[in-house]
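If you want the building blocks of each chain, they are given just below.
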Amino acid sequence: MRALTLIADRKLELADLPPPPPPGPDEVQIRVRAVGLNHIDVWGFRGMAFAKRKLPLVVGAEAAGEIAAVGPAVENLKPGDPVVMYGALTCGTCKACREGRDNLCENVNGIMGFHVDGFARDLVNLPARLVIPVPPGDAACAPIAFSTVEHMLFDNAKLAPGETVLVHAGGSGIGTAAIKMAKAIGCTVITTVGDDAKAEKAKAIGADHVINYRNDRFEGAVRKITGKKGVDVVFEHVGAETFNGSLLSLKRGGRLVTCGSTSGPSTMINLMQLFQQQYRIIGSFGASMRNIRDGLAKMAAGMTPVIDAEFALADFERGLARLESRQVFGKIIVQL
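Residues numbered from 1 in each chain as written. Predicted model: local features only at pLDDT ≥ 70, side-chain atom pairs only at ≥ 80, totals over all residues. Heavy atoms only, no water.

Draft legend 1. Local environment of the overall build of the chain. The secondary structure content of the chain amounts to ten helices and 16 strands. Relative to the globule expectation of 20 Å for 336 residues, the C-alpha radius of gyration of the chain, 20 Å, shows essentially globular dimensions. With the C-alpha coordinates of the chain rotated into their principal frame, the extents come out at 60 × 40 × 35 Å. Counting across all 336 residues of the chain, residues that qualify as buried make up 54%. In the chain, of all internal contacts separated by at least 6 residues, the share reaching a separation of at least 24 is 69%. Accessible area for the chain stands at about 14800 Å²; split by element, carbon and sulfur atoms hold 53% of it. Put simply, the chain has 38 plus and 34 minus side-chain charges, and the middle of one group is 6 Å from the middle of the other. (Helix = DSSP H or I, 4+ residues; strand = E, 2+ residues; numbered from the N terminus. Rg over C-alpha atoms; globule rule 2.2 N^0.38 Å. Buried < 20%, exposed > 50% of the residue type's maximum accessible area, 1.4 Å probe, protein only. Contact = heavy atoms within 4.5 Å. Areas by Shrake-Rupley, 256 points an atom, 1.4 Å probe, with all protein chains shown as cover. Lys, Arg positive; Asp, Glu negative; His and termini not counted. Charge placed at Lys NZ, Arg CZ, Asp CG, Glu CD.)

This is the structure in structure tokens:
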């Protein structure tokens, strides 16, 4: 069985590993067909200090495939069914899991491809409860990209029709999804990009206003676009470089939701500004199984993900390099 393993920081090896055993009573075996790349893959590749793991480690945190075999007690899935997989090994029994808040599991055993072996391999066994049937399409974007945006915009920021939202890094995988989801409910969408070519692409998928942050201070441009009122919601995932400008872009009582810090994890904020303007700052990590299902439903209804490029499994590192370079517009998919 092919498996792409991280053997040291920034060093990958395509290995030949034994296939997994037949699935247990409540398990399924999945033949992985595609892996979606995300910044968590870049962080793992670099060797982030907070990743407690043992090497070699099979990489890949987001994937889609088809059922290869089912365990004796599994009734809702059968061989050949296309599926996506939840990438965190949740317990399924704690209060958060029972309430459908899977990403707040109290006994999670790690994120696949980051703490424990991931999806960049031909076959993988998982508990059937962590596997979701899917419609045809680029489903490898659903377990992280689409579901993360669902959780950020609708569970946390409570984005409503008619509101104005600032989406940072509109060319990223989650940025493109956020533009589409916000526009679909009738929001005014402002987004930031790093070059004019990306600006045209962002407009083509629904952005109403596009700011090239290399040419203009985005917070000033946002105040001008909104007549000095500011936006209702900021979709933040860039981090230190943009965080304070994002707060300045909000209207009074506005909401900032953040899931990332690719430009740095630490910043300083003005506390008087925070409470005087009555901002709400919301941290968002991962997503629930329901968020994945909601994202898949939108895909089935015609909201196609934006795909930047596709690579073969042996070229996984090239995909990571492209993602790390910030030259992407949309998602990078690795085909197995």
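Here the narrative resumes, following the displayed structure.
Draft legend 2. Looking closely at the sheet that holds strand 2 (residues 11-16). With antiparallel pairing, the three strands of this open sheet are ordered in space as 2-1-4. Edge strands, defined here as strands with exactly one partner in the open sheet, are strand 2 and strand 4 (57-58). (Pairing = 2+ DSSP bridges.)

Draft legend 3. Structural detail: the packing of helix 1 (residues 39-46) against helix 10 (residues 316-324). Direction vectors running N to C along helix 1 and helix 10 enclose 110 degrees, while the axes themselves pass 10 Å from each other. When the axis of helix 1 is compared with that of helix 10, the two are roughly perpendicular. Across the interface between the two elements, His39, Asp41, Val42, Phe45 and Arg46 from helix 1 touch Glu317, Leu320, Leu323 and Glu324 from helix 10. By residue class, the composition of the contact of helix 1 with helix 10 is four nonpolar, one polar and four charged. (Axes fitted to C-alpha atoms, helices over the stretch in contact; angles between N-to-C directions. Parallel < 35°, antiparallel > 145°, perpendicular 65-115°, else oblique. Nonpolar A, V, L, I, M, F, W, Y, C, P; charged D, E, K, R; others polar.)

Draft legend 4. Spatial organisation of the nonpolar core. One finds Val84, Val149, Leu153, Leu159, Val165, Phe235 and Leu296 to be the most contacted residues of the largest nonpolar core, which totals 47 residues. If you list the elements that add at least two residues to this core, you get helix 3 (142-156), strand 9 (164-167), helix 4 (173-184), strand 10 (188-193), helix 5 (196-204), strand 12 (231-236) and helix 9 (289-300). By residue number, the principal contributor to this core is helix 3, which donates seven residues. Leave out the neighbours within four places in its chain, and Leu296 touches Val84, Ile132, Pro133, Val134, Pro135, Ala139 and Ala142. If you look at the next biggest cluster of nonpolar residues, it comprises 33 residues, including Val32, Val42, Leu320 and Leu323. (Core = buried A, V, L, I, M, F, W, Y, C linked by side-chain atoms within 4.5 Å.)

Draft legend 5. Quick peek at a nonpolar patch on the surface. Together, Ile269, Leu271, Met272, Phe275 and Ile281 give the surface a local cluster of nonpolar side chains, amounting to about 480 Å² of exposed area. Looking at which element gives the most residues to the nonpolar patch, the answer is helix 8 (residues 271-276), with three residues. Here Ile281 is to be found in strand 14 (residues 280-283). (Patch = residues over 30% accessible without salt bridge, like charges linked within 9 Å, V, L, I, M, F, W, Y side chains within 5 Å. Salt bridge = Lys/Arg side-chain N within 4 Å of Asp/Glu carboxyl O.)

Draft legend 6. Spotlight on the side chain of Asp155. Tracing the sequence through the fold places Asp155 in helix 3. Non-local contacts of Asp155, meaning those with residues more than four positions away in its chain, are made with Glu150, Arg290 and Asn291.

Draft legend 7. Broad picture of the packing of helix 3 against helix 4. Packing of helix 3 against helix 4 leaves a shortest axis separation of 9 Å and a crossing angle of 55 degrees. In terms of orientation, helix 3 lies oblique with respect to helix 4. Once helix 3 is placed against helix 4, the crossing between them reads as right-handed. Along its contact with helix 3, which presents Ala145, Phe146, Val149, Glu150, Leu153 and Phe154, the element helix 4 presents Ile174, Ala177, Ala178, Met181 and Ala182. A breakdown of the residues in the contact of helix 3 with helix 4 according to their chemical character gives ten nonpolar, no polar and one charged. (Left-handed = near helix turned anticlockwise from the far one by under 90°.)

Draft legend 8. Up close: empty space enclosed by the protein. This model, assessed by the stated rule, comprises two cavities of 30 Å³ or more. Residue lining of the largest cavity: Leu6, Leu12, Ile40, Asp41, Gly44, Phe45, Val59, Gly113, Phe316 and Leu320, and that is the complete set. Listing elements by their share of the lining of the largest cavity, those giving two or more residues are helix 1 and helix 10. Sorting elements by how many residues they give to the lining of the largest cavity places helix 1 first, with four residues. Counted by class, the lining of the largest cavity contains seven nonpolar, two polar and one charged residues. Considered as a void within the structure, the second largest cavity measures approximately 40 Å³ in volume. Taken together, Cys141, Ala145, Phe146, Gly173, Thr176, Ala177, Lys180, Thr304, Pro305, Val306 and Lys331 form the lining of the second largest cavity. If you list the elements that add at least two residues to the lining of the second largest cavity, you get helix 3 and helix 4. (1 Å grid on protein atoms, 1.4 Å probe; cavity = no way out; pocket = protein on both sides within 12 Å on 5 of 7 lines; lining within 4 Å. Points joined across faces, edges and corners; volume = space filled by probe spheres on them.)

Draft legend 9. Spatial organisation of the side chain of Glu219. Looking at where Glu219 falls in the secondary structure, it is placed in helix 6 (residues 218-225). Among the residues examined, Glu219 registers a relative accessible area of 12% and is labelled buried. Among the polar contacts made by the side chain of Glu219, one reaches the side chain of Arg217 at a distance of 2.6 Å. (Polar contact = N/O pair within 3.5 Å; in protein donor to acceptor, adjacent residues only side chain to side chain.)

Draft legend 10. Summary view of the pairing of strand 5 (residues 62-70). One ladder, built from eight bridges, connects strand 3 (residues 27-36) with strand 5; its direction is antiparallel. Residue pairing in the sheet places Val32 in a bridge with Gly65 of strand 5. As paired strands, strand 5 and strand 6 (residues 82-85) are joined by three bridges and run antiparallel to one another. Residue pairing across strands places Ala64 opposite Val84, the latter belonging to strand 6.

Draft legend 11. Main features of the environment of Phe45. Mapped onto the secondary structure, Phe45 falls in helix 1. Overall, Phe45 belongs to the buried group, its relative accessible area being 6%. Along the backbone, Phe45 and Ala8 are 37 residues apart, and their C-alpha atoms lie at a distance of 8.3 Å. Non-local contacts of Phe45, meaning those with residues more than four positions away in its chain, are made with Leu6, Asp9, Arg10, Lys11, Leu12, Glu317 and Leu320.

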